[in-house]
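Residue-level structural notes
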Amino acid sequence: MTLDTIAVARAFSRAATSYDRHAVLQREVGERLLGRLDGLIFNPGLILDLGCGTGVQAQALNQRFGDARVVAMDLALPMLDAASSRRGWWKKRFDCVAGNATALPLAEASFDLIYSNLMLQWCDDLAGTLASLRRVLKPGGLLLVSTFGRDTLAELRQAWAGVNDSPHVGRFTDVQRMGSALTRAGFSEPVLDTDWITTTYSSPKHLMRELKDIGATNAEAERQRGLTGPRRLRQVIDNYEQFVQADGRYPATWEVVYASAWAPDEGQPIRTERGEEASVSVASLKVRRR
């Protein structure tokens, strides 16, 4: 799968003004992800909310960790504009920074906690992205992420499959692949679990319109370009009828994968395309004097 990063940024930029009205699932998953911090004796000093969207979770992190500095980062500038409205006018505010998760404009070993809610599915190279996240985490820092699993939007995918072979619904990861990618990136003590959430809609059109309103449109490079004709759209809606519930509502399945892992001690290698690479700070080097 190859994603069109420009298309991703464009879709979320367009959705910035409508996102909060429709992102009920995203807020629920974000709260469940934050709940995984409960019971941890962990006091981060610098926190990154990666793929912050309109800043709901950055605001929650800012309130939860009163002594920490929170940096909210997103690829879409209009999303950052929306997030800035949640920063407040005085006392403690979080920072808003534009950036791409696959090429983080951040210093090595600088963050104690990286939090990312439902963003990784928009990254073309999962292993490379996780290696980038590990690079900016301090040794002993915590990675806490959620992403969509393979069963996500299974009904819509099946409805489109009866129309043509072009990709219309994104292809997502699974627990095994996520766990392997974390291990290859050099993270330690990975913990993964999965939720299945079902949302319902008055019609398949309602579902597709809501996906557009939160920016979750198909961004695969091989996707069919241009508008979908009325005949094909009618076919998709007809195919979706097989899933209609007794109450007349149309379900959509979301498989959510949660993962947490710790950055290892300094000097542990990261697997890259060039092989295993390790880095250490100059301060950690001991010079032998004769």
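You'll find the structure just up there.
Notes on the structure follow. The structure displayed is predicted, hence computed values, not measured ones.

About the criteria used
Residues numbered from 1 in each chain as written. Predicted model: local features only at pLDDT ≥ 70, side-chain atom pairs only at ≥ 80, totals over all residues. Heavy atoms only, no water. Helix = DSSP H or I, 4+ residues; strand = E, 2+ residues; numbered from the N terminus. Buried < 20%, exposed > 50% of the residue type's maximum accessible area, 1.4 Å probe, protein only. Contact = heavy atoms within 4.5 Å. Areas by Shrake-Rupley, 256 points an atom, 1.4 Å probe, with all protein chains shown as cover. Core = buried A, V, L, I, M, F, W, Y, C linked by side-chain atoms within 4.5 Å. Pairing = 2+ DSSP bridges. Axes fitted to C-alpha atoms, helices over the stretch in contact; angles between N-to-C directions.

**Quick look at the overall build of the protein chain**
Of regular secondary structure, the protein chain possesses ten helices and nine strands. By the burial criterion, 47% of the 290 residues in the protein chain qualify as buried. Taking the intrachain contacts of the protein chain between residues at least 6 apart in sequence as the baseline, contacts between residues at least 24 apart amount to 80%. For the protein chain, the exposed surface amounts to about 15,000 Å²; the carbon and sulfur share of it is 50%.

**So, the side chain of asparagine 62**
With respect to the helices and strands, the residue asparagine 62 is situated in helix α4 (residues 56-64). For asparagine 62, a relative accessible area of 11% puts it in the buried group. Apart from residues no more than four positions distant in its own chain, asparagine 62 is found in contact with Ala68, Val70, Lys92, Arg93 and Phe94.

**Observations concerning the nonpolar core**
By size, the foremost hydrophobic cluster in this structure holds 43 residues, and its most contacted members are Leu61, Leu113, Leu153, Leu156, Leu207 and Trp254. Looking at this core, the element that brings in the most residues is strand β7 (residues 250-262), giving five residues. Excluding anything up to four places from it in sequence, tryptophan 254 contacts Leu25, Phe148, Thr152, Leu153, Asp195, Trp196, Ile197, Thr199, Tyr201 and Leu211.

**Concerning the sheet that holds strand β1 (residues 46-50)**
Strands sit in the order β3-β2-β1-β4-β5-β7-β6 across an open sheet of seven strands; the sheet is mixed. Looking along the sheet, the strands with just one partner apiece sit at the ends: β3 (95-98) and β6 (188-201). Strand-to-strand twist in this sheet, taken as the mean axis angle between neighbours without regard to direction, amounts to 15°. Sitting on the sheet, helix α6 (residues 126-136) is in contact with β1, β4 (111-117) and β5 (137-148), with an inclination near 145° to β5.

From the geometry alone we can't say anything about function, so treat these as descriptive.
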